[in-house]
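The residues making up each chain are set out below.
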Amino acid sequence: MVKRVLILSVLSASVLMGADGAKLFGAKCAECHGANGKEASIAGKAIAGDAAALTKLTGYKAGTFGGDQKATMQASLDGLSDDDLKALAAHVATLK
Ligand code: HEC
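Owing to the predicted nature of the structure, the values given are computational and were not obtained by experimental measurement. Counting starts from 1 at the beginning of each chain's written sequence and moves along it residue by residue. Only residues with pLDDT of at least 70 are given local features in this predicted model, and only at 80 or more are side-chain atom pairs given and counted; all residues enter the totals for whole chains, interfaces and linings. Note: side-chain values were computed over all heavy atoms of the structure, leaving out hydrogens and water.

Every helix listed is a DSSP run of H or I at least four residues long, and every strand listed is a run of E at least two residues long, numbered separately from the N terminus. Within the protein, the secondary structure is distributed over 6 helices and 0 strands. Two residues form a contact once any of their heavy atoms are found within 4.5 Å. Partitioning the contacts of the protein with sequence separation of at least 6, the portion at a separation of at least 24 is 58%.

In this section: the environment of Gln74. With respect to the element layout, Gln74 can be found in helix H5 (residues 70-76). Separated by 12 residues in the primary sequence, Gln74 and Ala62 place their C-alpha atoms 8.7 Å from one another. The residues contacting Gln74, other than those within four sequence positions of it, are Tyr60 and Gly63.

Within the secondary structure, Asp50 sits in the loop between helix H3 (30-33) and helix H4 (53-62). Only 2.7 Å separates the side chain of Asp50 from the side chain of Lys56, close enough to count as a polar contact. Once residues within four sequence positions are removed from consideration, Asp50 is found in contact with Lys56, Val92 and Ala93. Under the rule applied, a polar contact is a pair of N or O atoms within 3.5 Å (in protein, one hydrogen donor and one hydrogen acceptor; residues adjacent in sequence only if both atoms are side-chain atoms).

A word on the site of the ligand. In the neighbourhood of the ligand, 23 residues make up the surrounding shell, with Cys29, Cys32, His33, Gly67 and Met73 lying closest. Taken together, the elements giving at least two residues each to the shell around the ligand come down to H3, H4 and H5. By residue number, the principal contributor to the shell around the ligand is H5, which donates 4 residues. In this classification, the charged set is Asp, Glu, Lys and Arg, the nonpolar set is Ala, Val, Leu, Ile, Met, Phe, Trp, Tyr, Cys and Pro, and all remaining amino acids, among them Gly, are polar. The residue inventory of the shell around the ligand, partitioned by class, reads 12 nonpolar, 6 polar and 5 charged. The criterion for a residue being near a molecule or strand is simple. One of its heavy atoms has to lie within 4 Å of it.

With that settled, the discussion passes to helix H2 (residues 21-28). With a 1.4 Å probe rolled over the protein chains alone, any residue whose accessible area is under 20% of its type maximum counts as buried; one over 50% counts as exposed, and the rest are partly exposed. Restricting attention to buried positions, one finds in H2 the residues Gly21, Leu24 and Phe25. Axial view of H2: buried residues confined to an arc of 100 degrees, hence all on one face. In this structure, H2 carries Lys23 and Ala27 as exposed residues pointing more than 90 degrees from its buried face. Those residues of H2 that are buried are in contact with H3 and helix H6 (82-94). For H2, the N-terminal cap is Asp20; the gap from its side-chain oxygen to the backbone nitrogen of Ala22 is 3.1 Å. The directions from the helix axis to the C-beta atoms are what the arc is built from.

We now examine the coordination of the iron atom of the ligand. By definition of the ideal shapes, a tetrahedral metal site with four donors has angles of 109.5 degrees and an octahedral site with six donors has angles of 90 or 180 degrees. Within the protein, His33 (NE2) and Met73 (SD) serve as the donor atoms for the iron atom of the ligand, at 1.9 to 2.0 Å. One can describe the donor arrangement at the iron atom of the ligand as octahedral, given that its 6 donor atoms subtend angles of 87 to 179 degrees at the metal. Placement of His33 in helix H3 and of Met73 in helix H5 is noted, with a sequence separation of 40 residues between them. As far as burial versus exposure is concerned, His33 and Met73 are alike and both buried. With water excluded from the atoms, a metal site may look incomplete; its donors are any N, O or S atoms within 2.8 Å, or within 3.2 Å for Na, K and Ca. In this scheme the shape depends on donor count and angles: four donors with every angle between 85 and 135 degrees give tetrahedral, four or six donors with opposite pairs above 155 degrees and others between 65 and 115 give square planar or octahedral in turn, and any other case is irregular.

Bringing the nonpolar core into the picture now. Definition of nonpolar core: a set of buried residues of the types Ala, Val, Leu, Ile, Met, Phe, Trp, Tyr and Cys, connected through side-chain atoms within 4.5 Å. With 16 residues, the main nonpolar core has Phe25, Leu57, Leu77, Leu80, Leu85 and Leu88 as its most contacted residues. Contributing elements (two or more residues each) for this core: H2, H4 and H6. Considering every element that reaches this core, the biggest residue donor is H6, with 4 residues. Residues within four places of Leu57 in sequence aside, it is in contact with Met73, Leu77, Leu85, Leu88 and Ala89.

Printed below as a string of structure tokens:
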């Protein structure tokens, strides 16, 4: 329940901010993670439905999270704002 409220508030915040998570995901993430976040071949795991995506994305950006291939993720987050990351994480959480 708390998680659902959090996701909803992130979603409505991103709508207010104008960042479109689905659009961003299609443009910047789908080539590696698949349109539905289910492509597990690169990261070794699918990201669809990951409720911790925002923590991971901000961690990649800050250099505090990641595995062997974190440089790949850091590069793909280059130029994205915190609001973009929130919109993306909210979108990832809705993928199944
Ligand atoms: C060039 C390929 C590529 C692109 C583009 C890319 N990723 Fe990744 N992603 C990876 C790889 C490789 C990893 C594993 C990195 C590591 O070793 O930590 C990863 C890891 C992740 C993880 C963490 C998975 C976990 O649980 O450890 C998340 C969340 C994620 N990506 C989301 C995104 C989002 C959102 C975008 C679009 C902004 C994106 N990725 C764009 C290749 C990519």
